[in-house]
Amino acid sequence: MARQHRGLVSNVDLAKLRVGLQLAQSFLDNGACDTGRSLFRSRSIARAFGEVVKQLLGPGAATTYSPREFLNCISTWDRAFSGGRQHDSQEFLHSLLDALQTECNRVKGKAKYKELKGKGTEEQQADEAWAYAKSWFDSCINDIFGGQLQSTVVCQKCKNVTHCFDPFLDLSIPIPKNVPAASVDIHDCLRAFTETETLDGREQYRCENCKSPCTSTKKLSIYRLPLGKAPRVHTFPSLSCSLVSV
């Protein structure tokens, strides 16, 4: 059982995360977990994770370390990881980031739900959605991993264009079918992720302008990259691997 757990953690080892050093430094400085709202729980994932980072990367780092308490905290947070079974490493990473985001949240109190106006320029709509998302969660996890996804739908009848902006901490990107498996890289996957798709038949989009379901096109793009990279990245050949691939 313990062996399976150690293997699971090694799949999302700090050395394999593109932004692992920034995340580790946040916990080594002890600033990441001092402002959280849930740190007085009997099993705080943030404190347990901080101890893992300290033991592996801090002064006098251990050559071997068993993250038993950390894994116990994860199992308490998400029962799917209890019982010593094998799991997908991205699912583990997603659950870990969700837990750390919650415990290290700088937002005090409960955020208020509101309907976004969705008016103005793309930049204004994106900024409104980004500010609203940060009113719910604002932590070192969001500082490092947080990005913004844009969905653009174009009605093929009246050409009306609508945008939707959503925050993300990680992305599940497809492996393209038309590229030999041996030569696939992250750029191929990102291009497949952002391909334009047609919404027709039962998937028709209800156009706000036509007031009826219409055949439309939908395209995903990354408006904001993690770590404050420049927005509006639609082409990826020159993009360094800023997104976590596990």
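Cut-offs and rules
- Residues numbered from 1 in each chain as written.
- Predicted model: local features only at pLDDT ≥ 70, side-chain atom pairs only at ≥ 80, totals over all residues.
- Heavy atoms only, no water.
- Helix = DSSP H or I, 4+ residues; strand = E, 2+ residues; numbered from the N terminus.
- Buried < 20%, exposed > 50% of the residue type's maximum accessible area, 1.4 Å probe, protein only.
- Contact = heavy atoms within 4.5 Å.
- Areas by Shrake-Rupley, 256 points an atom, 1.4 Å probe, with all protein chains shown as cover.
- Salt bridge = Lys/Arg side-chain N within 4 Å of Asp/Glu carboxyl O.
- Pairing = 2+ DSSP bridges.
- Axes fitted to C-alpha atoms, helices over the stretch in contact; angles between N-to-C directions.
- Polar contact = N/O pair within 3.5 Å; in protein donor to acceptor, adjacent residues only side chain to side chain.
- pLDDT = per-residue confidence, 0-100.

Per an unreviewed UniProt entry, the protein goes by the name USP domain-containing protein and belongs to Cymbomonas tetramitiformis.

**Q** Would you mind showing me how to read the overall build of the protein here?
**A** In terms of regular secondary structure, the protein is built from eight helices and six strands. Each helix and strand of the protein, ordered N terminal to C terminal, gives the series α-α-α-α-α-α-α-β-β-α-β-β-β-β. Out of the 246 residues belonging to the protein, those deemed buried represent 42%. Counting contacts in the protein only where the partners sit at least 6 residues apart, residues at least 24 apart contribute 61% of the total. Roughly 14,200 Å² of accessible area belongs to the protein as shown, and the carbon and sulfur atoms make up 51% of that amount.

**Q** Can you walk me through the pattern of salt bridges in this structure?
**A** Inspection of every chain in the model, using the stated rule, returns five salt bridges. For the salt bridge of Asp138 with Arg106, the shortest nitrogen-to-oxygen distance reads 3.0 Å. One end of the pair, Asp138, is in the loop between helix H6 (122-134) and helix H7 (140-145); the other, Arg106, is in the loop between helix H5 (89-103) and H6, and 32 residues separate them in sequence. For Arg106, a relative accessible area of 34% corresponds to the partly exposed category. Among the ionic pairs, Arg224 bridges to Asp127, the shortest N-O distance being 2.5 Å.

**Q** I tried to follow unusual backbone geometry on my own but got confused; where do I start?
**A** Located in the positive-phi region is Lys159, a residue other than glycine, with phi close to 65 degrees. With respect to the element layout, Lys159 can be found in the loop between strand S1 (147-155) and strand S2 (161-168).

**Q** Please clarify how the sheet that holds strand S6 (residues 216-224) should be interpreted in this entry.
**A** The pairing of strands in a sheet comes from backbone hydrogen bonds and takes either a parallel or an antiparallel form. Strands sit in the order S2-S1-S6-S3 across an open sheet of four strands; the sheet is antiparallel. Only two strands of the sheet have a single partner each, and these edge strands are S2 and strand S3 (197-199). Neighbour to neighbour, the strand axes of the sheet diverge by 30 degrees on average, direction disregarded. When S1 meets S6, the two strands line up antiparallel, connected through eight bridges. Counted as the bridge partner of Val154 is Thr217 from S6.

**Q** Would you mind going over the side chain of Asp170 with me for this structure?
**A** Along the chain, the position of Asp170 falls in the loop between S2 and helix H8 (186-193). Here Gln90 takes part through its side chain, which lies 3.5 Å from a polar atom of the side chain of Asp170. A polar side-chain atom of Asp170 sits 2.9 Å from a polar atom in the side chain of His94. The residues contacting Asp170, other than those within four sequence positions of it, are Gln90 and His94.

**Q** Whenever I open this one, the confidence of the model for the protein confuses me. Can you help?
**A** Low-pLDDT stretches of the model should not have their predicted coordinates read in fine detail. Of all residues in the protein, 79% attain a pLDDT of 70 or more, and the chain-wide mean is 79. Counted against residues more than four places away or in other chains, residues 1-18, with its pLDDT under 50, gives 31 contacts. Throughout residues 232-246 the model reports pLDDT below 50, and contacts reaching past four residues in sequence, or to other chains, amount to 38 contacts.

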